[in-house]
Amino acid sequence: MTTTDIQNEIVEEFSVFDDWMDRYEYLIEIGNTLETYDDKNKTQSNLIQGCQSRVWLDAEYKEGKIYFTADSDAIITKGIIALLIRVFFGKTPDEILQTDLFFLDKIGLKENLSPTRANGLVSMIKNINAYAQAFKAKYEK
Amino acid sequence: MFEIDKIRNNFPILSQKVNGKDLIYLDNGATTQKPKQVIEIIGNMYSEYNSNIHRGVHYLSNKSTEFYEQARETIRKFINATSTQEIIFTKGTTEAINLVAFSFGEKFIHENDEIIVAETEHHSNIVPWQMLCKRKNAVLKVIPVDENGELQLDEYKKLLNKNTKLVAVAHVTNSVGIINPIQKIIDEAHKTGAKVLIDGAQAIQHKKVDVQEFDCDFYAFSGHKMYAENGIGVLYGKKELLEEMPPYQGGGDMIKSVSFEHTEYADLPLKFEAGTSSYVAAISLGEAINFINSVGIENIEKYETDLLKYAEEKLSSINGLTIFGKSEHKTSAISFLLNGIHHYDTGMILDKLGIAVRTGTHCAEPTMKHFGITGTVRASFAVYNTKEEVDKLREGILKAQKMLS
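First, a word on what this report is: a plain description of the structure on this page. (Residues numbered from 1 in each chain as written. Chains lettered and ligands numbered in written order. Predicted model: local features only at pLDDT ≥ 70, side-chain atom pairs only at ≥ 80, totals over all residues. Heavy atoms only, no water.)

The subject of this paragraph is the overall build of chain B. The number of helices and strands found in chain B is 14 helices and 17 strands. At 22 Å, chain B has a C-alpha radius of gyration in line with the 22 Å of a compact globule built from 405 residues. Referenced to the eigenvectors of the C-alpha coordinate spread, the extents of chain B come out at roughly 70 × 55 × 35 Å. Taken over 405 residues, chain B has a buried fraction of 58%. Counted over contacts in chain B with a minimum sequence separation of 6, partners at least 24 positions apart contribute 71%. (Helix = DSSP H or I, 4+ residues; strand = E, 2+ residues; numbered from the N terminus. Rg over C-alpha atoms; globule rule 2.2 N^0.38 Å. Buried < 20%, exposed > 50% of the residue type's maximum accessible area, 1.4 Å probe, protein only. Contact = heavy atoms within 4.5 Å.)

In this section: the pairing of strand β5 (residues 114–118) of chain B. Residues and elements named next belong to chain B. β5 sits mainly inside the fold: 5 of its 5 residues count as buried. Judged by which residues are buried, β5 turns out to be covered on both faces: E114, I116 and A118 on one side and I115 and V117 on the other are all buried. Of the strand pairs in this sheet, β5 and strand β6 (residues 139–143) are connected by 5 bridges, and their pairing is parallel. Bridging from a neighbouring strand, A118 pairs with I143 of β6. Note that the unit made of β5, helix α5 (residues 127–136) and β6 has a crossover that is right-handed. Here β5 pairs with strand β7 (residues 164–170) via 4 bridges, running parallel. Across the sheet, residue E114 finds its bridge partner in β7, namely T164. (Pairing = 2+ DSSP bridges. Right-handed = clockwise from strand over helix to strand, strands pointing away.)

In this section: the packing of aromatic side chains. Residue and element names in this part refer to chain A. Inspection of the entire model under this criterion finds 24 aromatic pairs over all chains. Three or more aromatic residues joined by ring pairs make a cluster, and in this case those are Y61, F68, Y131, F135 and Y139. Over the aromatic face of W56 sits the side chain of K42, whose NZ or CZ is 4.8 Å from the ring centroid. Sitting over the face of the ring of Y67, K62 holds its NZ or CZ atom 5.5 Å from the ring centroid. (Phe/Tyr/Trp six-rings, centres within 6.5 Å; stacked < 30°, edge-to-face > 60°. Lys NZ or Arg CZ within 6 Å of the ring centre and 35° of its normal.)

Two orientations exist for strands paired in a sheet by backbone hydrogen bonds: parallel and antiparallel. All names here are of chain A. Across the sheet, which stays open at both edges, the 3 strands sit in the order β1-β2-β3 with antiparallel pairing between neighbours. Pairing within the sheet leaves two strands with one partner each, and these edge strands are β1 (47–49) and β3 (65–72). Mean inter-strand twist for the sheet, computed between neighbouring axes without regard to direction, equals 25 degrees. Looking at chain direction, strand β2 (residues 54–62) and β3 are connected through 8 bridges and run antiparallel. Within the sheet, the bridge partner assigned to L57 lies in β3 and is A70. Running over the sheet, helix α6 (residues 121–139) touches β1, β2 and β3 and is turned about 20 degrees from β2. (Axes fitted to C-alpha atoms, helices over the stretch in contact; angles between N-to-C directions.)

This next bit is on unusual backbone geometry. Backbone phi values are negative for most residues with the exception of glycine, while trans is the configuration of most peptide bonds. Residue and element names in this part refer to chain B. A cis geometry characterises the amide bond from L268 onward to P269, with omega recorded as 0 degrees. Checked against the element boundaries, P269 lands in the loop between β12 (263–265) and α10 (279–295). Although it is not a glycine, D253 sits at a positive phi angle of roughly 75 degrees. Looking at the element boundaries, D253 is found in the loop between α9 (239–244) and β11 (255–258).

So far we have only geometry, and geometry alone does not tell us how the molecule works.
So this is what it looks like as structure tokens:
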């Protein structure tokens, strides 16, 4: 599936909820199911310091594709992370760099991406792209 | 008489809906909302009187200057300073503290001198002193607090010695709302000859402040946390001390005469007001104080203390909620966490319910470190908040707890 397909799939899943509480409850559930992130990877270099919540992001490059793992100390932030990982996991650097991220807007969770909330998510997306660029430069010359 | 409905109607912003719910604004420690009379005076200044202060021979400039100086007099009276020469307009509390750190520091702080702050200070009352200590090779000492966040006065007394030049503490801590025993702090410091700066940013809107009674050497506060426009604050300083201190910044308004050979500085208070100050905001601060006086600061204190007690009772009754900074001496703020739930998550759910609180470290990382946490949820109150709003806060917290557990 392309990153666009996955985003459409998420939008479809969220379309059954008609109020914010259901959306957030689902988001919290998703956050709880995010694959456990190894505490030993919660290093300073993987840390994205938000003023409100902290986010850790790590990435591995295998056979042309990037595999992200991430975590946060806040569950709502973690829910968003789980969705972002679902979109970007196992994609090529080019696919990641060309992705137009639209799903959060469409499912009414855009407020979580506001830079003024300082929850680390805006920086996380920047870092996802930075990883893609770095791996591309290193392995795909 | 304290007429809450009348007071609330005076604040237009409070009648709006946020996320489809009635706004419950409990982030007053960050900034307060503005009453109509403050909003109106800002409009009037620009539609009728705007002109730069202290600079014109013309009618408008005279008017503008007159209002600006009237505001200074209103502030003087409000804190009972002896003279308007002791009232310096700044951008806010932070600039007021930086002014003292620079000017007082320049004149009075030397190598191995000591400056004392409390463990529970806002970063604005830590960093300027760290910078000063670095510049002058002076030493920063810290008054520890107990498990509830109350200053340990015995430890404080031990820190004081002949090298102590300045003690800088908050009147009320911003992160948990504890009222510090500033009278004891001031009296003890003066015994050893040290000067005292009180950061009044979280106190002046809630409590009677009398700088002569306190006998503090400096008292700093912000306009926007006491119902005035943003961009204005005040440094009160004892006249004899301010006179000895060199100017903080150079520029217009702070001079008597300038030549390339020699510049004469203006007298107080203008010596410390380089450049065009935020005069409209200063005038709005005068009007905000008129508003406070119309309700009566003692009435405000009584009402808010009662509201805080009610809130403490309501929140304490929630299972799995921990309040930080439990004390008999508190004003207008409750800092708490739901056990096992991140402050950001609680804040996001409350926001969805139209309840505005602050979450995070509250610019007081050492305080958070003391409590062994990464942040709290802080509900902070002002004159217009009600018990009904506290009830809704409680319901909101319970809902957040249910969703997030």
